[in-house]
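This is what each chain is made of:
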Amino acid sequence: MSSHHNDKNKRSHSETSNGHTNNNNNTKNDKNDKKKKKKQKTLKNKLPVALQKAISTGTTIPTPTPTKKKSNEKQNSLDDAEQLFEWLISPMKPEEFYKEYWGKKHLVVKRADRSYYAGVFSKDDMNNMFRKYDMKYSVNVDVTNYIGGARETLNPEGRVNAGHVWKMYEEGCSVRLLNPQTFNRKLWRILSTLQEHFCCGMGANTYLTPKGAQGFAPHYDDVDVFILQTEGAKMWRLYEPLSES
């Protein structure tokens with residue numbers, strides 16, 4: 001998690017600067033599949049139970065590992081939500097988070113493990129959504145860039161075409177998914193679980209940005225945001241509020 005904030009920053013839920021390539025060679029695809037499975041097996045050992053099955057099947061997320069309860073007690077949805085939130089901000093403790101940061105200032109959590117959020121969402125997940133579902137520009141997907149101090153949205157009309165999206169990405173554009181949980185059960189499960197913790201609606205955007213590029217101008221958000229760096233790396237700049245109010 002990069003930040004939780006009420007002050008001005010560059011908004012994002014997830015961004016990556018990994019390159020994207022399409023490869024139709026069967027031999028290379030077989031090798032890539034083996035490498036992917038090996039990586040998934042390694043990551044599975046690091047992830048909480050809440051995400052392990054999602055890595056294996058790519059479909060659903062079981063609830064987090066239950067805390068120890070008496071034999072006659074059962075795990076409920078509030079317990080699941082509390083444990084998922086604890087994992088989300090770990091090693092920060094929820095008690096300290098709410099006392100020192102919530103509604104007051106941003107929090108940056110740094111970890112030695114760069115794969116901590118691997119499995120939450122990936123570039124492969126994004127590509128699969130483009131190819132599997134009927135997604136529309138401006139409704140589900142935005143293609144943007146920010147050059148010379150000006151933000152530009154480059155959406156054509158109609159249905160999203162995966163080849164077009166990746167061509168624009170390779171030319172330096174950022175790709176934003178506006179409601180990825182509609183098409184991805186992993187994100188849907190995470191948000192629906194966290195709603196139990198916060199007692200309010202939750203939403204998500206995902207961002208994919210090529211190396212050395214920027215898709216959006218510096219701005220502030222009118223909602224509280226948790227930013228998860230799921231792949232790659234990104235340089236962030238956080239700004240002080242424009243006013244105390």
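Not measured: the values here are computed from a predicted model.

Visitor: Tell me about helix α3 (residues 77-89), and name the residues and values.
Guide: Over its 13 residues, α3 runs 19 Å from end to end, which matches the ideal 18 Å to within 8%, given 1.5 Å per residue. For α3, the N-terminal cap is N76; the gap from its side-chain oxygen to the backbone nitrogen of L78 is 3.0 Å.

Visitor: Explain the state of the cysteines residue by residue, including any values.
Guide: Summed over the entire model, instances satisfying the criterion amount to zero disulfides. Cysteine C200 remains unbridged, with the sulfur of C199 as its closest cysteine sulfur at 7.6 Å.

Visitor: Residues and numbers for the environment of L228, please.
Guide: Mapped onto the fold, L228 is located in the segment after β6 (225-226). Along the sequence, L228 and F121 sit 107 residues apart, while their C-alpha atoms lie 9.6 Å from each other.

Visitor: Give me the sheet that holds strand β5 (residues 206-208): which residues, what numbers.
Guide: Spatial strand order, β3-β2-β4-β5: four strands in an open sheet with antiparallel pairing. Each edge of the sheet is formed by a strand with only one pairing partner; in this case those strands are β3 (150-153) and β5. Neighbour to neighbour, the strand axes of the sheet diverge by 25° on average, direction disregarded. In this sheet, β5 lies alongside strand β4 (residues 174-177) in antiparallel orientation, the contact comprising three bridges.

Visitor: Requested: an account of the packing of aromatic side chains, with residues and values cited.
Guide: The tally for this structure, following the rule as stated, stands at 17 aromatic pairs. A centroid spacing of 5.2 Å and a plane angle of 70° characterise the contact between F97 and Y98, whose relative ring orientation is edge-to-face. Relative accessible area serves as the criterion here: at 0%, F97 is assigned to the buried category. With a relative accessible area of 30%, Y98 lands in the partly exposed category. With 5.7 Å between their ring centres and 85° between their planes, W166 and Y169 make a pair best called edge-to-face. Here the residue W166 and the residue Y169 both occupy positions in helix α6 (residues 162-170), the gap between them amounting to three residues, near one helical turn. Feature note: the residues F85, F97, Y98, W102, F198 and F226 constitute an aromatic cluster, connected by ring pairs. Its end group placed over the ring of Y101, K105 keeps NZ or CZ at 5.0 Å from the ring centre. Across the ring face of Y116, the terminal group of R111 is positioned such that the distance to the ring centre comes to 3.8 Å.

About the thresholds
- Residues numbered from 1 in each chain as written.
- Predicted model: local features only at pLDDT ≥ 70, side-chain atom pairs only at ≥ 80, totals over all residues.
- Heavy atoms only, no water.
- Helix = DSSP H or I, 4+ residues; strand = E, 2+ residues; numbered from the N terminus.
- Expected span 1.5 Å × (residues − 1).
- Polar contact = N/O pair within 3.5 Å; in protein donor to acceptor, adjacent residues only side chain to side chain.
- Disulfide = S-S within 2.5 Å.
- Pairing = 2+ DSSP bridges.
- Axes fitted to C-alpha atoms, helices over the stretch in contact; angles between N-to-C directions.
- Phe/Tyr/Trp six-rings, centres within 6.5 Å; stacked < 30°, edge-to-face > 60°.
- Buried < 20%, exposed > 50% of the residue type's maximum accessible area, 1.4 Å probe, protein only.
- Lys NZ or Arg CZ within 6 Å of the ring centre and 35° of its normal.

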